[in-house]
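For reference, the chains in residue letters:
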Amino acid sequence: MMRPFLALMLNGFREARRNRVTVVVGAFAFGLLVASSLLTNLSVSTFDRVLTDVGIGVMSIVLVLLAVFLSSGMLSREIERKTLFLIVSKPISRALFLTARFAGNMLTLGALLLAMGVLFFGQIALYGTLITQAQFVAIGMLFFELMVLSSIGFAMSSFSSQMVSATVTIGAYFAGHLGGDIYELSSKAESPLLQWVGKATYYALPNLSRLNYRVQATYEIPTPVAELAPSMLYAVAYSAVMIIIAVILFSRRDFK
Amino acid sequence: MSAPETLAIETRDLSKTYRLGFWMNKRVLALQGLTLAIQPGQVYGLLGPNGAGKSTTIKILMNLVQATSGLARIFGHEPTAKEARRNVGFLPENPAPYEYLTGEEFVRLAGQLVGMSGHELDQRVKEVLGAVGMSRTAGLQIRRYSKGMVQRIGLAQAIVGRPKLLILDEPTSGLDPVGRREIRDLILQERERGTTVLFCTHIIPDVEALCNRVAVLVNGKLAREGSVQELLTTQVPVVELIIEGLGPDAVRGLGHPLEQVQDLTNRVLVRASDVHVQPLLKSVLGAGGRVAQLQPARFSLEDLFLQAMSEAKHGTVGGEITS
């Protein structure tokens with residue numbers, strides 16, 4: 001069972017590597033990282049902060065867009081082009097196919113995050129500014145944020161088109177960062193129904209703000225591991241639920 | 001007494017209805033009560049026009065679509081079980097392998113998915129690429145391949161795991177005559193090895209050349225089933241006559257049941273069943289006509305196919321649609 005899983009996972013990574021979009025995105029990230037160096041020339045007093053904020057911010061935007069593109073299009077493209085017929089007709093379960101594709105996706109995003117991280121720290125070292133634990137935490141937790149977003153994209157793409165899937169995933173990204181506000185607003189509502197709906201929405205949406213440590217990185221605030229572990233667990237659990245939903249929907253689907 | 005051999009493929013009252021439209025209120029009866037029993041070692045042809053239910057049958061067997069009702073088994077396993085597909089090689093219609101891979105990489109991936117690895121996989125990949133005539137171009141990305149080359153890679157990935165059952169959906173479509181011959185030879189080789197082959201096509205000469213047994217599907221229903229020999233010999237013998245001295249209307253006016261009357265400029269070609277020939281001859285001669293030629297007509301699989309279609313009253317594309 002492991003061999004087909006690994007074969008499909010590595011194939012997903014190879015697909016992204018040979019896909020020009022990845023190259024374009026890599027070049028884009030590199031360009032923006034260089035641009036951040038130029039930006040720092042404009043600021044004198046907060047040199048370290050701008051460097052960290054822009055660097056990790058760019059990394060986040062680029063990888064979030066890539067995660068949405070890869071996850072929301074992967075299954076629908078396979079179904080549309082019928083490449084899937086040759087794979088799911090092999091002695092593997094659809095659940096294995098889907099989880100292996102998801103793992104391949106995460107491997108791609110992880111490799112890109114690593115490469116961008118190396119570039120980022122290279123830039124930090126080049127300017128002789130301080131490398132902090134908070135920067136590592138922000139970059140590491142970005143991986144978990146990407147995992148949650150990818151799992152939503154996968155779940156959507158198991159039954160809808162790439163467009164719908166991408167729209168919902170992007171919507172989930174923004175709503176996920178506003179989760180706290182939604183909760184606050186619902187608490188202030190007078191109607192119990194509205195309170196209930198607001199809280200249900202808060203729990204259903206991914207709480208991406210608890211995976212966002214970019215502010216701490218900018219202000220060099222260290223985060224204890226004990227505080228990170230529940231956030232990581234939350235991301236893994238949320239992604240697992242999304243993948244289970246995707247597996248259930250995908251397993252029942254007819255491929256005409 | 002030995003135990004009965006497990007059927008390679010078995011379907012009983014297999015049906016599939018697709019629901020279409022925004023409210024899912026249109027129903028397409030793609031397959032209606034199909035019962036088949038395919039013995040190991042047979043080369044079995046599924047014949048039928050577009051929309052007859054051939055591909056739907058194959059997709060149910062390969063767990064790509066779920067049957068609405070009825071039973072399907074591959075070597076005794078339900079299509080949803082992984083075991084059902086363990087010994088099966090599948091080539092879909094217009095196969096679409098990953099275009100970013102090379103032919104060799106794709107066949108290797110297919111081998112890995114059936115559980116092969118290491119030296120065995122290396123050897124087997126080389127072997128099947130040679131068998132489908134793709135050794136020299138296996139290092140090119142699939143996006144650079146012609147349709148025929150993609151079809152060959154599709155076949156290579158189907159046979160890489162040494163399957164006991166090959167399911168091929170239109171395996172020779174899109175191929176030039178040489179390519180078609182090569183694919184046919186490859187299927188014959190697999191038959192020699194004892195592989196069971198189920199293939200669906202509407203290219204009748206392929207069926208005649210390869211199959212032991214045939215099922216004709218029309219409108220999602222089984223219209224004919226049997227060995228090629230059985231199907232052809234059980235037909236009512238037909239005789240062809242060429243008549244001179246009488247026009248087509250005059251021949252029709254003789255009052256005998258005729259299958260076909262065709263004007264051939266000063267001559268008329270008539271097809272009639274064997275039992276009606278003697279009285280027809282008497283009538284033709286009595287009316288002043290002359291029989292220039294008389295010979296038994298050869299009944300082909302194509303005739304059988306067309307007969308089955310005309311019995312089903314055409315209108316078969318996409319299966320029966322109900323609201």
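Residue indices follow the written sequence of each chain, beginning from 1 at its first position. Here chains are named by letter from A upward and ligands by number from 1 upward, in the order in which they appear as written. Confidence filtering applies because this is a predicted model: local features only for residues at pLDDT of at least 70, side-chain atom pairs given and counted only at 80 or more, and all residues used for totals across whole chains, interfaces and linings. With hydrogens and water stripped out, all remaining heavy atoms of the structure feed into the side-chain values.

A.B. asks: For this particular structure, what's the right way to read the overall build of chain B?
C.D. replies: Of the regular secondary structure elements, chain B holds eleven helices and 14 strands. By principal-axis analysis of the C-alpha atoms, chain B measures approximately 80 × 55 × 50 Å. Think of it in three bands: with a 1.4 Å probe and only protein chains considered, a residue is buried below 20% of the maximum accessible area for its type, exposed above 50%, and partly exposed in between. A burial count over chain B gives 50% of its 323 residues as buried. In chain B, once contacts between residues fewer than 6 apart in sequence are set aside, the share between residues at least 24 apart is 68%. Taking the average place of the 36 positive charges on the side chains of chain B and the average place of its 33 negative ones, the gap between the two points comes to 4 Å. Put simply, DSSP H or I for four residues or longer makes a helix, DSSP E for two residues or longer makes a strand, and each gets a number counted from the N terminus. The criterion used for residue contact is that any of the two residues' heavy atoms lie within 4.5 Å. In this charge count, Lys and Arg are treated as positive and Asp and Glu as negative; neither His nor the chain ends contribute. Here the site of a charge means atom NZ of a Lys, CZ of an Arg, CG of an Asp or CD of a Glu.

A.B. asks: How do you make sense of the packing of helix α1 (residues 2-18) of chain A against helix α5 (residues 94-126) of chain A when you look at a structure like this?
C.D. replies: Working note: a packed helix pair is described by the angle between its axes plus the distance between those axes. All names here are of chain A. To get an axis, fit a line to the C-alpha atoms, keeping to the stretch in contact for a helix; angles then go from 0 to 180 degrees between the N-to-C directions. Close contact between α1 and α5 brings their axes to 7 Å; oriented N to C, the two are set at 45°. Here α1 lies oblique to α5, going by the angle between them. Here α1 runs over α5; the crossing is right-handed. Packed against α1, whose contacting residues are P4, F5, L8, M9, L10, N11, G12, F13, E15 and A16, the element α5 presents L96, F97, T99, A100, R101, A103, G104, L107, T108 and A111 at the interface. Looking at the contact of α1 with α5 residue by residue, the class counts come to 13 nonpolar, five polar and two charged. Each angle receives one of four descriptions, namely roughly parallel if under 35 degrees, roughly antiparallel if over 145, roughly perpendicular if within 65 to 115, and oblique otherwise. In this scheme, a crossing is called left-handed if the near helix is turned counterclockwise away from the far one by less than a right angle; it is called right-handed if the turn is clockwise. Polar here means any residue outside two lists: the nonpolar Ala, Val, Leu, Ile, Met, Phe, Trp, Tyr, Cys and Pro, and the charged Asp, Glu, Lys and Arg; Gly therefore counts as polar.

A.B. asks: Looking at this model, I keep getting lost on the domain arrangement of chain B. Mind explaining?
C.D. replies: Interface size is commonly expressed as the accessible area that is lost once the parts come together. Boundaries between domains were set according to an automatic or database domain assignment. You can read the domains of chain B as domain 1 (9-87 + 163-232) and domain 2 (238-298). Computed over C-alpha atoms, the centres of domain 1 of chain B and domain 2 of chain B are 40 Å apart.

A.B. asks: In this structure, what is going on with the interface of chain B and chain A? I would like to understand it.
C.D. replies: Every contact between the two is made by 33 residues of chain B and, on the other side, 30 residues of chain A. Buried area: the sum, over both parts, of the accessible surface (1.4 Å probe) that disappears when the two are put together. Buried surface at the junction of chain B and chain A, both sides included, amounts to about 2,900 Å², of which 58% is carbon and sulfur. One speaks of a salt bridge when a side-chain nitrogen belonging to Lys or Arg is within 4 Å of a carboxyl oxygen belonging to Asp or Glu. Connecting chain B to chain A are three salt bridges. Its salt-bridge partner being E105 of chain B, residue R14 of chain A comes within 3.7 Å of it at the nearest N-O pair. Side-chain atoms alone can form a polar contact between residues adjacent in sequence; in general such a contact is a pair of N or O atoms within 3.5 Å, and within protein one must be able to donate a hydrogen while the other accepts it. At the junction of chain B and chain A, the tally comes to 15 residue pairs in polar contact (both at pLDDT 80 or more).

A.B. asks: Teacher, can you tell me more about a nonpolar patch on the surface here?
C.D. replies: Residue and element names in this part refer to chain A. Side chains of M2, L6, L10 and L107 sit close together on the surface and give an oily, nonpolar patch of about 350 Å² of accessible area. Sorting elements by how many residues they give to the nonpolar patch places α1 first, with three residues. With respect to the element layout, L107 can be found in helix α5. By relative accessible area, L107 is classed as partly exposed at 32%. Patches here are clusters of residues that have more than 30% relative accessible area and form no salt bridge, with a 9 Å joining cutoff for like charges and a 5 Å cutoff for nonpolar side chains (Val, Leu, Ile, Met, Phe, Trp, Tyr). All accessible areas in this document rest on Shrake-Rupley with a 1.4 Å probe, and a residue is counted as covered only by the protein chains that are shown.

A.B. asks: Could you clarify how one ought to interpret the sheet that holds strand β11 (residues 260-263) of chain B in this entry?
C.D. replies: Sheet strands associate in pairs through backbone hydrogen bonding, adopting either a parallel or an antiparallel arrangement. Residue and element names in this part refer to chain B. Judged by pairing direction, the sheet is antiparallel, and its four strands sit side by side in the order β11-β12-β10-β13 without closing on themselves. Unpaired on one side and paired on the other, β11 and β13 (290-297) mark the two borders of the sheet. Going from strand to strand, the sheet's axes swing by 15° on average, the running direction of each strand aside. Pairing of strand β10 (residues 238-244) with strand β12 (residues 267-273), which is carried by seven bridges, proceeds in the antiparallel orientation. By the bridge assignment for β12, L241 is matched with V270. In the packing of helix α10 (residues 277-286) onto the sheet, the strands contacted are β10, β12 and β13, and the crossing angle to β13 comes to about 165°. Pairing between strands is defined by DSSP: at least two bridges between the two strands are required.

A.B. asks: Explain α5 of chain A here, please?
C.D. replies: Side chains of residues three or four places apart in an α-helix project in the same direction, reflecting 3.6 residues per turn. A helix is expected to span 1.5 Å for every residue after the first. If you check α5 of chain A, its first and last C-alpha atoms are 48 Å apart, about what 33 residues at 1.5 Å a residue would give, namely 48 Å. G128 of chain A sits one or two residues past α5 of chain A and shows a positive phi near 70°.

A.B. asks: So what exactly am I meant to see when it comes to the environment of L211 of chain A here?
C.D. replies: All names here are of chain A. With respect to the element layout, L211 can be found in the loop between α9 (192-204) and α10 (214-218). Among the residues examined, L211 registers a relative accessible area of 1% and is labelled buried. Sequence separation between L211 and H177 is 34 residues; the distance between their C-alpha atoms is 9.3 Å. Setting aside chain neighbours within four positions, we find L211 in contact with M141, F144, E145, V148, S231 and A235.

A.B. asks: Could you clarify how one ought to interpret the sheet that holds strand β7 (residues 196-201) of chain B in this entry?
C.D. replies: Residue and element names in this part refer to chain B. Sheet architecture is open: six strands sit in the order β5-β6-β7-β3-β8-β9, paired in mixed fashion. The sheet is open, and its two edges are formed by β5 (88-91) and β9 (221-227), each paired on a single side. Going across the sheet, the axis of each strand differs from the next one's by a mean of 15°, ignoring polarity. For β5 and strand β6 (residues 165-169), the ladder comprises four bridges, and the chain directions are parallel. Residue pairing in the sheet places G89 in a bridge with L166 of β6. Contacting β5 and β6, helix α5 (residues 147-159) runs over the sheet at an angle of about 165° to β5. Sitting on the sheet, helix α11 (residues 301-311) is in contact with β3 (43-47), β8 (213-218) and β9, with an inclination near 30° to β8.

A.B. asks: Sorry, what's going on with the pattern of salt bridges here?
C.D. replies: Where side chains of opposite charge bring their charged atoms close, a pairing between them can arise. According to the stated counting rule, one finds 20 salt bridges over all chains in the structure shown. Across the pair E78 of chain A and R101 of chain A runs a salt bridge whose closest N-O atoms are separated by 2.8 Å. Pair noted here: E78 of chain A is in helix α3 (residues 47-81) and R101 of chain A is in helix α5, with a separation of 23 residues, a long-range link. The two residues E78 of chain A and R101 of chain A agree in class, both being buried. Between E240 of chain B and R271 of chain B there is a salt bridge, with the nearest N and O atoms lying 3.0 Å from each other. Here R271 of chain B lies in strand β12 and E240 of chain B lies in strand β10, a separation of 31 residues in the sequence. Overlapping salt bridges bring together R14 and R18 of chain A together with E105 of chain B as one network.

A.B. asks: Quick question: what am I supposed to make of the environment of G176 of chain A here?
C.D. replies: Residues and elements named next belong to chain A. For G176, the location among the structural elements is in helix α7 (residues 162-177). In this structure, the C-alpha to C-alpha distance between G176 and L149, residues 27 residues apart in sequence, is 9.5 Å. With residues near it in sequence (within four places) discarded, G176 still touches P206, N207, L208 and S209.

A.B. asks: Help me out: how do you make sense of unusual backbone geometry in this one?
C.D. replies: Excluding glycine, a negative phi dihedral is what most residues carry, and trans is how most peptide bonds are arranged. All names here are of chain B. A positive phi angle, near 50°, is found at E170, a position not held by glycine. As for its placement among the helices and strands, E170 is situated in the loop between β6 and α6 (177-192). Phi at N219 is positive, roughly 60°, even though this residue is not glycine. By secondary structure assignment, the location of N219 is in the loop between β8 and β9.

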